[in-house]
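Architecture at a glance
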Amino acid sequence: MDHAAPRSAGFAAPLHGILLAFPVALYASALAADIAYLNTAEIQWTNFAQWLIAGAALFAGLVFAWALIGFFFGRHRRSRGGGLIYLLVVAAMLVLGIVNSFQHARDGWHSVGTLGVALSVVCTLLAFVAAYFAYGRSKLENAR
């Protein structure tokens with residue numbers, strides 16, 4: 001029995017984990033690219049960040065769809081407290097990721113700047129929080 005599985009059963013748990021891994025990795029990589037751009041002013045770093053954020057937003061949309069289906073039709077639909085928080089975190093990650101994508105599509109310094117880095121930080125933190133709600137809490141609860 002796998003204690004780290006999220007609230008879904010069968011093949012859904014590993015598939016959900018795979019989908020969620022992409023925003024976690026891609027938003028963090030985009031943040032690293034933003035920091036590299038701020039330190040070097042090499043425009044290629046903004047191009048990297050744009051593509052990373054676009055990929056992260058795509059997978060965040062898939063994770064949101066998965067979370068929405070799980071929230072309404074999942075096995076734990078009666079106890080929606082934790083599921084609702086997870087759904088809201090993933091929704092915020094998706095919306096701010098899209099805003100971040102538009103911000104990074106701007107030209108030159110305006111693409112990153114303070115707002116671009118702040119959005120990348122928030123998206124990265126939201127991805128980590130979503131991963132914690134999906135997988136981290138069950139391990140901590142079973143350790144007690």
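Residues numbered from 1 in each chain as written. Predicted model: local features only at pLDDT ≥ 70, side-chain atom pairs only at ≥ 80, totals over all residues. Heavy atoms only, no water.

A tally of helices and strands in the protein chain yields four helices and zero strands. The order of α-helices and β-strands along the protein chain, N terminus first, is α-α-α-α. Considering only intrachain contacts with a sequence separation of at least 6, the fraction spanning at least 24 residues in the protein chain is 74%. (Helix = DSSP H or I, 4+ residues; strand = E, 2+ residues; numbered from the N terminus. Contact = heavy atoms within 4.5 Å.)

Before going further, it helps to spend a moment on the packing of aromatic side chains. All told, the structure shown has four aromatic pairs when counted by the stated rule. Ring geometry for F22 versus F59: centroids 4.1 Å apart, planes at 10°, classification stacked. On the criterion of sequence distance, the pair formed by F22 in helix α1 (residues 12-40) and F59 in helix α2 (residues 44-73) is long-range, its members being 37 residues apart. Ring geometry for W45 versus F48: centroids 5.5 Å apart, planes at 80°, classification edge-to-face. Of this pair, W45 and F48 both sit in helix α2, three residues apart, which is roughly one turn of that helix. (Phe/Tyr/Trp six-rings, centres within 6.5 Å; stacked < 30°, edge-to-face > 60°.)

Take α2 next. For α2, with 30 residues, the first-to-last C-alpha span of 44 Å sits near the 44 Å given by 1.5 Å per residue. For α2, the full list of buried residues reads T46, A49, I53, G55, A56, A57, F59, A60, V63, A67 and F71. (Expected span 1.5 Å × (residues − 1). Buried < 20%, exposed > 50% of the residue type's maximum accessible area, 1.4 Å probe, protein only.)

The next subject is the environment of W51. Mapped onto the fold, W51 is located in helix α2. Separated by 54 residues in the primary sequence, W51 and A105 have C-alpha atoms spaced 9.8 Å apart.

A contiguous nonpolar patch, built from L68, I69, F72 and F73 and spanning about 430 Å² of accessible area, is present on the exposed surface. As for its placement among the helices and strands, F72 is situated in helix α2. (Patch = residues over 30% accessible without salt bridge, like charges linked within 9 Å, V, L, I, M, F, W, Y side chains within 5 Å. Areas by Shrake-Rupley, 256 points an atom, 1.4 Å probe, with all protein chains shown as cover. Salt bridge = Lys/Arg side-chain N within 4 Å of Asp/Glu carboxyl O.)

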